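Analysis of the macromolecular model
Below, each chain spelled out in residue letters.
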Amino acid sequence: MVSDSYLWWRHGVFYQIYPRSFMDSNGDGVGDLQGIIDRLDYLVELGVDAIWISPIFASPMADFGYDVSDYKGIHPMFGDMATFDRLLSEAHRRGLRIVLDYVPNHSSAEHPWFIESRSSRDNPKREWYIWKDGKSDGGPPNNWESIFGGQAWEWDATTRQYYLHLFLPEQPDLNWRNPQVVQAMHEVLRFWLDKGVDGFRMDAVMLCMKHPDFPDNPPVQDQSAWKRIGLTLEPVYTVNRPEIHPMLRAFRQLLDQYDGDRVMIGETWLFELDELVEYYGGELDEFHIPFNFLGTVQPWESGALQAAISAYYNALPTGAAPNFVFGNHDVHRMATRFGAEHHRSAGMLLLTLKGTPTLYYADELGMQDVDIPPARCVDPWGLNAPDLNIGRDPQRTPMQWDRSPNAGFSPAGIDTWLPVAADYGKVNVAVQRNDPESTLQFYKALLKLRRELPALHRGSFAFVDQTTPGVMAYLREADGRRLLIIINFESKEQQVDYSLLGKTGKLLLSTRFVSPTEVSMSALTLRPCESLLIQLMAHVK
Ligand code: GLC
């Protein structure tokens, strides 16, 4: 029985679908909405609560949907509005929530708003985007850089001014200081909320407000996360400006007018914790879930991870809901980053920490990054910066459903938009469904326990001090039930003694699969890279 106090976005599990790569129902090599509908039962079987779908809107696809040309229209490649409506009702009928991507920082250059805006300097939509004169020498108005590389200003020969694009030139930045933009973009939220969507993941929101005086950005700092993605300037005047917070509070007020616990999730790439937690809002009146990306940058190392997790919990404002992301469409897959042998342990950590986890499609199969031959690379960021290992194609390849050609994603003989991984004959849903010791079965068992045991989805959390290097252990507790999770980060067997927590325990799940059994807490053997989930039998004062 799931407890009454199960709030879907706080205690449940999100599953991100990259729609181009989930399921191709019409044989054009690209995933679509009907494909998602066809696989909803799989998601129920897996045991997740909510799906976040990356953009499905009309788009020229310069950034694969993150360049929207109609915020209220579905791209024909994905289907039509009737298919979307069916997806929503079919998901809801199965108890699954649907969260959409909302891309407020920029539209596509082919959005009618921008086409009007660039048509003349006195067009009524001119101020919907950010236009500036060049410097006296004709150069760009300031030194701002695009996140995807190169300068952030594009010269427009017709109206003889520059427009700002913090991503591709095909993604002009909207002017959020213009109340008409605010109103139009609020209407977009209302449009989807009225249809019944359960919330939004808000894309690149930290960039929406630029410094009003447009000062030059200073050189990037040595330790800066921005340096790692190739920026040469610290984006202090373009990212994370204080004016963003009133804008977010207005979004939240809008969402709160709707019933049904709609959720507001933010793409908040911030590793300074005091900055990150500001995105909950002083009165917890901004994001319910400002994404916590520490699990996408930390190495698989127990001490460093434990320190990062502790610091995160300690930084949270009272009442704020923690969350963890270990993978998404912008970072290399967790099985590749952490190592295939640690993949299940990383899943154990993600799904037993205190906080809302977001899984990335196919992580439940242990899918790895796929090597993409240069001729098949399509990600504009990767193509702009080939030496930085930031191309995003490897983590966006088709879902592996079965061992038929094209992994059951597209019919045989079709060229899929990105290549299917070579290992699809072994790593796929159909094979893993029939293998009781597969990674899929491990995830299913873990998700089931997480849902059934209040200690896991809403219990307290405490690390257990212990001295075995390379081992992390923590307790989750609710309603008098205590669970101990132990993770062996080492590739060697380790003996651990947790007799201070009780004499015996019941082993509920191991990454290496053993049937539930009673274990002695004083002499636990952890096999290489193994993690255990143990129910403790008795309290010790
Ligand atoms: C976000 C998205 C990313 C996209 C960028 C521009 O970071 O997650 O995929 O390229 O915004 O919209």
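Residues numbered from 1 in each chain as written. Predicted model: local features only at pLDDT ≥ 70, side-chain atom pairs only at ≥ 80, totals over all residues. Heavy atoms only, no water.

**Side note on the packing of aromatic side chains**
Each aromatic ring pair is described using two quantities: the centre-to-centre distance and the angle formed by the ring planes. The final tally for this structure, using the stated rule, is 41 aromatic pairs. Ring centres 4.9 Å apart and planes at 55° place the aromatic pair Y313 and F461 in the tilted group. Placement of the pair is Y313 in helix 11 (residues 302-315) and F461 in strand 14 (residues 460-463), with a sequence separation of 148 residues. Of the two residues, Y313 and F461, both sit in the buried class. (Phe/Tyr/Trp six-rings, centres within 6.5 Å; stacked < 30°, edge-to-face > 60°. Helix = DSSP H or I, 4+ residues; strand = E, 2+ residues; numbered from the N terminus. Buried < 20%, exposed > 50% of the residue type's maximum accessible area, 1.4 Å probe, protein only.)

**Remarks on the sheet that holds strand 10 (residues 263-266)**
Spatially, eight strands are ordered 11-10-9-5-2-1-13-12 in an open sheet, and the strand pairing comes out parallel. Single-partner strands in this sheet number two, and they are strand 11 (289-290) and strand 12 (323-325). Relative to strand 11, strand 10 runs parallel, the two being bridged by two bridges. Each bridged residue has a counterpart across the sheet, and for G266 the counterpart in strand 11 is P290. (Pairing = 2+ DSSP bridges.)

**With respect to unusual backbone geometry**
We note that M61 has phi near 70°; this positive angle belongs to a residue other than glycine. Examined against the element boundaries, M61 turns out to sit in the loop between strand 3 (57-58) and strand 4 (70-74). The exposure class assigned to M61 is buried, which follows from its relative accessible area of 11%. Even without glycine at this site, F214 takes up a positive phi of about 55°. Its place among the elements puts F214 in the loop between strand 9 (199-202) and helix 7 (225-228). What makes F214 buried here is its relative accessible area of 18%.

**Details of the site of the ligand**
D63, D203, E267, H329 and D330 are the nearest of the 13 residues found near the ligand. Contacts to the ligand include D63, whose side-chain N or O atom sits 2.5 Å from an oxygen atom. One of the side-chain N or O atoms of H329 is found 2.9 Å from an oxygen atom in the ligand. Alone, the ligand offers 310 Å² of accessible surface; in the complex the protein occludes 95% of this. (Near = heavy atom within 4 Å. Polar contact = N/O pair within 3.5 Å; in protein donor to acceptor, adjacent residues only side chain to side chain. Areas by Shrake-Rupley, 256 points an atom, 1.4 Å probe, with all protein chains shown as cover.)

**Some thoughts on the environment of L447**
For L447, the position within the fold is in helix 16 (residues 439-452). According to the relative accessible area criterion, L447 is buried, its value standing at 2%. Separated by 100 residues in sequence, L447 and G347 have C-alpha atoms that sit 10.0 Å apart. When neighbours within four sequence positions are excluded, L447 is seen to be in contact with V13, L46, G47, V48, L351 and L359. (Contact = heavy atoms within 4.5 Å.)

**As for the pattern of salt bridges**
Here the structure, examined in full by the defined rule, presents 29 salt bridges. The salt bridge involving E90 is made with R94; its shortest N-O contact spans 2.8 Å. With a closest N to O distance of 3.7 Å, R262 and D259 form a salt bridge. Since its relative accessible area comes to 12%, R262 is described here as buried. Judged by its relative accessible area of 59%, D259 is exposed. Here the residues in one salt-bridge network are D63, D330, D379, R392 and R396, joined through shared partners. (Salt bridge = Lys/Arg side-chain N within 4 Å of Asp/Glu carboxyl O.)

**As for the side chain of S59**
Relative to the helices and strands, S59 is located in the loop between strand 3 and strand 4. Contact partners of S59, with chain neighbours within four places excluded, come to G65, D67, V68, S69 and H75.

**Some details on the environment of L168**
Here L168 lies in the loop between strand 8 (161-164) and helix 6 (179-195). Taking the relative accessible area as the measure of exposure, L168 reaches 6% and is therefore buried. In the structure, L168 is positioned 144 residues away from Y312 in sequence and 33 Å away in space, judged by C-alpha atoms. Beyond its immediate chain neighbours, meaning those up to four positions away, L168 contacts A62, D63, F148, P380 and N384.

**Some points on the domain arrangement of the chain**
Assigned domains of the chain: these are domain 1 (4-102 + 292-447), domain 2 (112-164) and domain 3 (458-536). For domain 1 and domain 3, the distance between their C-alpha centroids amounts to 29 Å. Tallying the contact residues gives 26 residues for domain 1 and 22 residues for domain 3. The junction of domain 1 with domain 3 conceals about 2100 Å² of combined surface from both sides, 67% of it contributed by carbon and sulfur atoms. Inspection of the domain 1/domain 3 interface yields zero salt bridges. At the junction of domain 1 and domain 3, the tally comes to eight residue pairs in polar contact (both at pLDDT 80 or more). Mapped by element, the contributors of at least two residues to the side of domain 1 that touches domain 3 are helix 11, helix 13 (343-352) and helix 16. Of all the elements, helix 11 adds the most residues to the side of domain 1 that touches domain 3, at six residues. Residues belonging to the side of domain 1 that touches domain 3 are distributed by class as follows: 11 nonpolar, 10 polar and five charged. (Domains from an automatic or database assignment. Buried area = accessible area lost by both parts, 1.4 Å probe. Nonpolar A, V, L, I, M, F, W, Y, C, P; charged D, E, K, R; others polar.)

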